[in-house]
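# Topology and contacts: notes
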Amino acid sequence: MEGAFGPPPDRRDVGRMMRLAVLVKQVPATDKVKIDPETGTMLRTEMEAVINPLDLYAVEEAVRLKERLSGEAEITVISMGPAMAIEAVKDAISMGCDRGYLLSDRRLAGSDTLATAYALSQAIRKLGPFDLIFAGERTTDGETGQVGPAVATLLDIPVLTYVSKIEEIGDGRIVVHRAIEGGHEVVESPLPALLCVVKEINEPRLPTLSGKIKARETEVPVLTADDIEADESMIGLKGSPTRVVKIFYPKITREGEIIRGDDPEGAVDRLIEFLRERGII
Amino acid sequence: MKLEEYRGVWTLGEQRDGRIHTVSYELLAWGRSLADKLGVELATVILGHNLADQVQELIYRGADKVYVVDHPALAHFSVDPYARVLTALVREYRPEIFIASATTTGRTIMPVLAAKLRTGLTADCTGLDVDVESRQLLQTRPAIGGNVMATIITPNHRPAMATVRPKSRRPLPRDASRKGEIIFKRFDEKMFESRTRRLGFIRDETAESPVQDADVVVAGGKGLKDGRNFDMLFELAELLGGAVGASRMAVDMGWIPYSHQIGLSGKTVTPRLYLAIGISGAVQHLAGMSSSEVIVAINKDPDANIFKVSDFGIIGDLFEIVPLLIKRLREIKGKEGEGK
Ligand SMILES: Cc1cc2nc3c(=O)[nH]c(=O)nc-3n(C[C@H](O)[C@H](O)[C@H](O)COP(=O)(O)OP(=O)(O)OC[C@H]3O[C@@H](n4cnc5c(N)ncnc54)[C@H](O)[C@@H]3O)c2cc1C
Ligand SMILES: Nc1ncnc2c1ncn2[C@@H]1O[C@H](COP(=O)(O)O)[C@@H](O)[C@H]1O
């Protein structure tokens, strides 16, 4: 793990390009998702897909940071997914990221959060070093919020979750606000670090026309499991400690007393009686 | 990994500002059923500073054992020392199951821990059970935007790890006759070092709504038509001694702050009474309230999904029903007042 991120954090950054990375995932756009009954994994083909809405905040924050550093930064977008996920990478480029890579390989299919985090951490090692990595709070399909903290752990760098504001950055350190129960915690961390950002951090911009043109013209290289030197036992279904064993529709269980309110007074009287029976009033 | 070397159920206790938080007791309720089913011990591990005089309470609430790590560096949650200490404890005692609450702390430390231990973790479970024969933890959670439920196992790795949403279960009643063992663990100073530093905390009262701690939740949805109509619900909530919740639609319309949102992407609540007013009962909304003890719905659409989870429902116009209900409750209150 040593050295993956270059010199130790006490170096001076003055006059040096900051290297930023953003992790984005493509997710299904509709609620109509098909599931493979054998493996319990999602069938990702033939459906409309978009960049994970919460990842837009991560992209926006990286772009804002670059602007704050007067352009003295480079932003690399990294995504893992099927070939069509290239669109999510291009969306991020159209918002102002400089380049992007798609990690795509049959052998990665069926990865759970740990296997995904391992593959992404390998890609980051390959493409880095980076000073700062941005991730979204969670995806709208996986909904775990586990990938960011797991990537940071596998890279052995600090993770800052629920980041709602970057207060200060420079001299190899960052100060952020974390939106946690009851308020905001102010935390300082050395760089490199990984931030999982929340919605409240910014308002993502819409891509400009020139951004869209740039995205169309930018080539997004596709990396395979070999390119990132992945240990095959750590990726895909084989590298996933969890297994989906059952998918079902939530069953609706209560059979209550439903009355018509044609006579509102009577209905309210009956409700009061019911609340009394249940000891609520 | 020899699975049979791992025995026992663990929960992660949580403290905030040096006080044990109620999520710790909710977790013990979950853990108790799992441990009893498997016929093993239930232990809680709690990290913090100056906790000694409080930890007995964890036994009264269901733990057989409590592992306490007390150190100034643990006073507030910090990833590095928490991860090091918890990894060391898991390696030493080898629990087969380790669950935490899906608070910002639980959702941060558990993936870090799972990555260090290279084991499986399932986020935000709404149901936990065990298959006694295979000793597998059955972790059930909403998947794909809450449209379906998925049951997940961790077949070949231990501990099986999961987070459960705060308030998805009530704590067990306090039983001061329960006996258990409290073990204070000490570690080398190096274990408590951290790369990050907490510089301060900015309290924000508005970020918290009392909805999760309320015994009665009066929730409003799109049917209220206008933000001002929430005033009615606040009045009703006050009469019932409760708090106001909302559907995502109502929040998206800007009628009430996000901190009041109930459901998949909002808060989970398990009050004694959930009163849903002008809420259709989308699965994502149900995900946050369907374990409430008593559910009452008022909706003008007889086919509204909310009626399927209700113990009592009125098919009618909320603008007629709610003012009448407020009036009746006021009368009752008034009478009670006179009687005293
Ligand atoms: C990923 C994802 C996450 C989501 N998370 C959440 C979440 O956390 N919480 C949540 O609530 N939703 C969530 N949703 C949205 C959810 O799918 C629904 O859109 C939402 O719950 C609907 O809100 P509603 O019931 O207020 O509105 P509607 O569905 O529009 O229902 C309004 C109801 O009011 C009734 N009504 C209208 N007028 C009156 C009247 N005068 N008297 C009586 N009844 C009346 C109508 O009959 C109707 O049933 C999520 C969706 C997705 C895809
Ligand atoms: N396949 C992926 N490719 C790139 N980034 C991902 C991927 N999966 C998750 N992430 C990142 O991790 C965050 C949390 O995802 P999740 O754990 O799935 O909720 C996302 O918001 C992304 O930033």
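What comes next concerns the included structure. (Residues numbered from 1 in each chain as written. Chains lettered and ligands numbered in written order. Predicted model: local features only at pLDDT ≥ 70, side-chain atom pairs only at ≥ 80, totals over all residues. Heavy atoms only, no water.)

Quick look at the overall build of chain A now. In terms of helices and strands, chain A carries six helices and 15 strands. Within the span of chain A, comprising 281 residues, buried residues form 56% of the whole. Taking the intrachain contacts of chain A between residues at least 6 apart in sequence as the baseline, contacts between residues at least 24 apart amount to 72%. For chain A, the accessible area works out to roughly 12,700 Å², and carbon and sulfur atoms hold 51% of it. (Helix = DSSP H or I, 4+ residues; strand = E, 2+ residues; numbered from the N terminus. Buried < 20%, exposed > 50% of the residue type's maximum accessible area, 1.4 Å probe, protein only. Contact = heavy atoms within 4.5 Å. Areas by Shrake-Rupley, 256 points an atom, 1.4 Å probe, with all protein chains shown as cover.)

This part takes up the interface of chain B and chain A. Taken together, the 74 residues of chain B in the interface contact 77 residues of chain A. Here chain B meets chain A over a buried area of about 6,700 Å², counting both sides, of which 62% is carbon and sulfur. When residues of chain B are sorted by the area they lose upon contact with chain A, Ile144, Arg195 and Phe312 of chain B head the list and together hold 11% of the total. One can count seven salt bridges joining chain B with chain A. For Arg198 of chain B, the salt bridge goes to Glu185 of chain A, with nearest N and O atoms at 2.7 Å. Linking chain B with chain A are 28 residue pairs in polar contact (both at pLDDT 80 or more), by the criterion used here. The biggest single contributor to the side of chain B that touches chain A is helix 4 (residues 104-117) of chain B, with eight residues. By the bridge criterion, five bridges tie strand 14 (residues 243-248) of chain A to strand 10 (residues 148-153) of chain B in an arrangement that is antiparallel. In the sheet register, Ile247 of chain A faces strand 10 of chain B, and the bridge partner there is Ala150 of chain B. (Buried area = accessible area lost by both parts, 1.4 Å probe. Salt bridge = Lys/Arg side-chain N within 4 Å of Asp/Glu carboxyl O. Polar contact = N/O pair within 3.5 Å; in protein donor to acceptor, adjacent residues only side chain to side chain. Pairing = 2+ DSSP bridges.)

Turning our attention to the site of ligand 1. Residues and elements named next belong to chain B. Near ligand 1 lie 27 residues; those nearest to it are Lys222, Ser247, Ser265, Ser280 and Asn299. Here Arg248 contributes a backbone N or O atom positioned 2.8 Å from an oxygen atom of ligand 1. Ser265 places a polar side-chain atom, nitrogen or oxygen, 2.7 Å from a nitrogen atom of ligand 1. Coverage of ligand 1 by the protein chains reaches 83% of its 990 Å² of free accessible surface. Broken down by secondary-structure element, the contributors of at least two residues to the shell around ligand 1 are helix 6 (248-252), helix 7 (283-286) and helix 8 (318-339). (Near = heavy atom within 4 Å.)

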